[in-house]
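Listed below, chain by chain, are the residues.
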Amino acid sequence: MQEKYYIVTYGCQMNVHESEKIAGILRGMGYTEAQGTEDADIIVFNTCCIRENAENHAFGNIGALKKLKKQKPHLLIAVGGCMTQEKGKTEVLRKKFPFIDIMFGALNLEELEGLIVRKKNQKKKVIEVREKEGEIVEFTGAYRTSYPNAWVNIMYGCNNFCSYCIVPYVRGRERSRKPEHILNEVRELVAEGYKEITLLGQNVNSYGSDGTTNVTFAELLDQVASIEGNFRLRFMTSHPKDFNEDIVKVMQKHRKICRLVHLPVQSGSNEILKAMNRRYTREKYLSEIEMLREYFPEAEVTTDIIVGFPGETEEQYLETEALVKEVDYASAFTFVYSPRSGTKAAEMENQIPEEVQKDRIMRLVELVNSLTRKKSEKYLGKTVEILCEDYDGKKDLYLGRDEFGRMGYFKSEKDRVGQFVQIKITKANGISLYGELIEAK
Ligand code: 5AD
Ligand code: SF4
């Protein structure tokens, strides 16, 4: 009988895509997908460590497997991703969960096959976490599970050392993929019928600055958008310290590029931005948004915001609120600051009490939601183009997203997944839109 795998993913899009690579490796070894942990022969945890709750979540889920492992001793449990890259973490995991069989890192996931083979031949657990980033290993066997959307890494790692962030410590320095590898991957995906490509990197604007290539991000974007075919193009994440007009000009040249930019602001206060080591000011940030909207008045912006950073005063928090209103974000990921060991901010005095953090996050979430709701109302009666992604059996409706990432639901007799469709919006329910199908392209 064929052995089965089950992958549990935590964290960002980068991790979701890396789980697709892990699935590719496991399928290449002959494993097929399990329904859940119960019928799996190998369970892989692809972990995240960006905030403490992501870690706690993984700890809880790994711990819950103790009984299953006892009942099924042949079951392999592997833990990889960002958490194992943290200093001293494999030791903690080994002590807390002695039943883990394999540990690997985000920096050596491509070695997973060899580690599994090794584990099958020995009783001892296999712990192999690469400490320092190496050359990029080109890996083309990802098993993609999100048709018609596909993610393509353009670079790995981060050099920015924002004072709160653990990513540079666990993901290493910036390394860019060669343009020809990226272009070939996108060409293949488009030929296979993928309709939305998202270029991924921690800071896409510094693409190439590691010396891999002279091609800038704006040039790369231009080249990718020049690939023939009917597809949408997105990119994330842009860093406001070097988001620029060259990129916006490329967006103007190609209608394929969605007029939505994810531009994490983190805070609306210049003092806090400085303490965060973000290397831009509120004024520079706002001028970038203004520039973007001069080109495209309809452009939407999404962001990431942290509240309760060490030393954040009520006034400084209110500056963030004011900025959120001024930019009028389409949506925002909002986070409570979480101290990460090894980062500068974790050592700062004046950490903010939890009640204050909670109060601020609640107010901010309410503000962001009210903006999103207001934008939803503006959709009423309009016709929007949706890329159909899925069918929701419970609702008996198809669903997909518009250019700005808004979820739209509609009814159709025919299967529409993977098609661009026009829907006329009849109902706007908070963040979701409902509409009538007009025509299918
Ligand atoms: N605490 C809270 N949020 C964080 N982020 C990164 N590090 C932390 C932290 N220590 C957020 C930032 C980043 C997003 C991916 O996660 O907003 O943009
Ligand atoms: Fe973290 Fe800053 Fe790098 Fe983003 S740019 S991954 S927040 S260090």
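A. Quick look at the pattern of salt bridges. Counted by the stated rule, this structure contains 31 salt bridges. With its nearest N and O atoms 3.3 Å apart, the salt bridge here joins R340 to E55. Placement of R340 in the loop between β14 (331–336) and α13 (354–379) and of E55 in helix α2 (residues 52–63) is noted, with a sequence separation of 285 residues between them. As a salt-bridge pair, E185 and R144 come within 2.6 Å of each other at their nearest N and O atoms. Separated by 41 residues along the polypeptide, E185 in helix α7 (residues 179–192) and R144 in the loop between β6 (126–128) and β7 (149–153) bring together distant segments of the chain. Comparing E185 with R144, the two get one shared label, buried.

B. Here's a closer look at the site of ligand 1. Taken together, I50, R51, Y164, Q266, D304, I306, F335, V336, Y337, S338 and R340 are the residues near ligand 1. Here R51 contributes a side-chain N or O atom positioned 2.9 Å from an oxygen atom of ligand 1. Interatomic distance of 3.0 Å between a backbone N/O atom of Y164 and a nitrogen atom of ligand 1. About the coverage of ligand 1: the protein hides 87% of its 400 Å² of free accessible area. Of all the secondary structure elements, the ones that give two or more residues to the shell around ligand 1 are β13 (300–307) and β14. Residue composition of the shell around ligand 1, grouped by class: six nonpolar, two polar and three charged.

C. Spotlight on unusual backbone geometry. Residues Y147 and P148 are joined by a peptide bond in cis, for which omega reads 10 degrees. Tracing the sequence through the fold places P148 in the loop between β6 and β7. The omega angle of the peptide bond from M236 to T237 is 10 degrees, so this bond is cis rather than trans. With respect to the helices and strands, T237 occurs in the loop between β11 (232–236) and α9 (245–253). Residues other than glycine seldom take positive phi values, yet N277 does so here, at roughly 60 degrees. Within the secondary structure layout, N277 lies in the loop between α10 (270–275) and α11 (282–295).

D. A look at the site of ligand 2. Ligand 2 sits among C158, N160, F161, C162, Y164, C165, V167, P168, Q202, H239 and R278. A breakdown of the residues in the shell around ligand 2 according to their chemical character gives seven nonpolar, three polar and one charged.

E. Here's a closer look at the state of the cysteines. Going through the model one piece at a time under the given rule, you end up with zero disulfides. Free cysteine C82: the closest other cysteine sulfur is in C49, separated by 5.0 Å.

F. Spotlight on the sheet that holds strand β12 (residues 260–262). Spatially, the three strands line up as an open sheet ordered β12-β13-β14, and their pairing is parallel. Since the sheet does not close on itself, it has two edges, and those belong to β12 and β14, each with one partner. Across the sheet, the mean angle from the axis of one strand to that of its neighbour is 15 degrees, orientation sign disregarded. Relative to β14, β13 runs parallel, the two sharing six bridges. Looking across to β14, one finds that T303 is bridged to A332. Those strands touched by α13 are β13 and β14, and its axis lies near 175 degrees from that of β14.

G. Here's a closer look at the nonpolar core. Core analysis: the largest hydrophobic core is formed by 57 residues, its most contacted members being I197, L199, F217 and Y285. Broken down by element, the residue count for this core peaks at six residues, all from helix α8 (residues 217–225). Aside from chain neighbours lying at most four places away, what touches I197 is A150, V152, V186, L189, F231, R232, L233 and R234. Grouped together as the second largest cluster of nonpolar side chains are 26 residues, I43, L75, L93 and M103 included.

H. Geometry of the sheet that holds β11. Spatially, three strands are ordered β7-β10-β11 in an open sheet, and the strand pairing comes out parallel. Looking at which strands have only one partner, the edges of the open sheet turn out to be β7 and β11. Each strand axis lies, on average, 20 degrees off the axis of its neighbour in the sheet, ignoring direction. Relative to strand β10 (residues 196–200), β7 runs parallel, the two sharing five bridges. Each bridged residue has a counterpart across the sheet, and for N153 the counterpart in β10 is L200. Of the strands in this sheet, β7 and β10 are in contact with helix α1 (residues 13–28), which crosses β7 at around 95 degrees. On the sheet, α7 packs against β7 and β10 and is oriented at approximately 170 degrees with respect to β7.

I. Main features of the domain arrangement of the chain. Domains assigned within the chain are domain 1 (4–128), domain 2 (149–377) and domain 3 (383–440). Taken together, the contact pairs 18 residues of domain 1 with 15 residues of domain 2. Carbon and sulfur atoms supply 58% of the area that domain 1 and domain 2 bury against each other, a total of about 1600 Å² over both sides. The tally of links from domain 1 across to domain 2 stands at two salt bridges. Where domain 1 meets domain 2, there are eight residue pairs in polar contact (both at pLDDT 80 or more). Taken together, the elements giving at least two residues each to the side of domain 1 that touches domain 2 come down to α1 and α2. Class assignment for the residues of the side of domain 1 that touches domain 2 results in seven nonpolar, four polar and seven charged.

J. Broad picture of the side chain of S19. Relative to the helices and strands, S19 is located in helix α1. On the basis of relative accessible area, S19 is assigned to the buried category, the value being 7%. The residues contacting S19, other than those within four sequence positions of it, are I7, T9 and N46.

Thresholds applied
Residues numbered from 1 in each chain as written. Chains lettered and ligands numbered in written order. Predicted model: local features only at pLDDT ≥ 70, side-chain atom pairs only at ≥ 80, totals over all residues. Heavy atoms only, no water. Salt bridge = Lys/Arg side-chain N within 4 Å of Asp/Glu carboxyl O. Helix = DSSP H or I, 4+ residues; strand = E, 2+ residues; numbered from the N terminus. Buried < 20%, exposed > 50% of the residue type's maximum accessible area, 1.4 Å probe, protein only. Near = heavy atom within 4 Å. Polar contact = N/O pair within 3.5 Å; in protein donor to acceptor, adjacent residues only side chain to side chain. Areas by Shrake-Rupley, 256 points an atom, 1.4 Å probe, with all protein chains shown as cover. Nonpolar A, V, L, I, M, F, W, Y, C, P; charged D, E, K, R; others polar. Disulfide = S-S within 2.5 Å. Pairing = 2+ DSSP bridges. Axes fitted to C-alpha atoms, helices over the stretch in contact; angles between N-to-C directions. Contact = heavy atoms within 4.5 Å. Core = buried A, V, L, I, M, F, W, Y, C linked by side-chain atoms within 4.5 Å. Domains from an automatic or database assignment. Buried area = accessible area lost by both parts, 1.4 Å probe.

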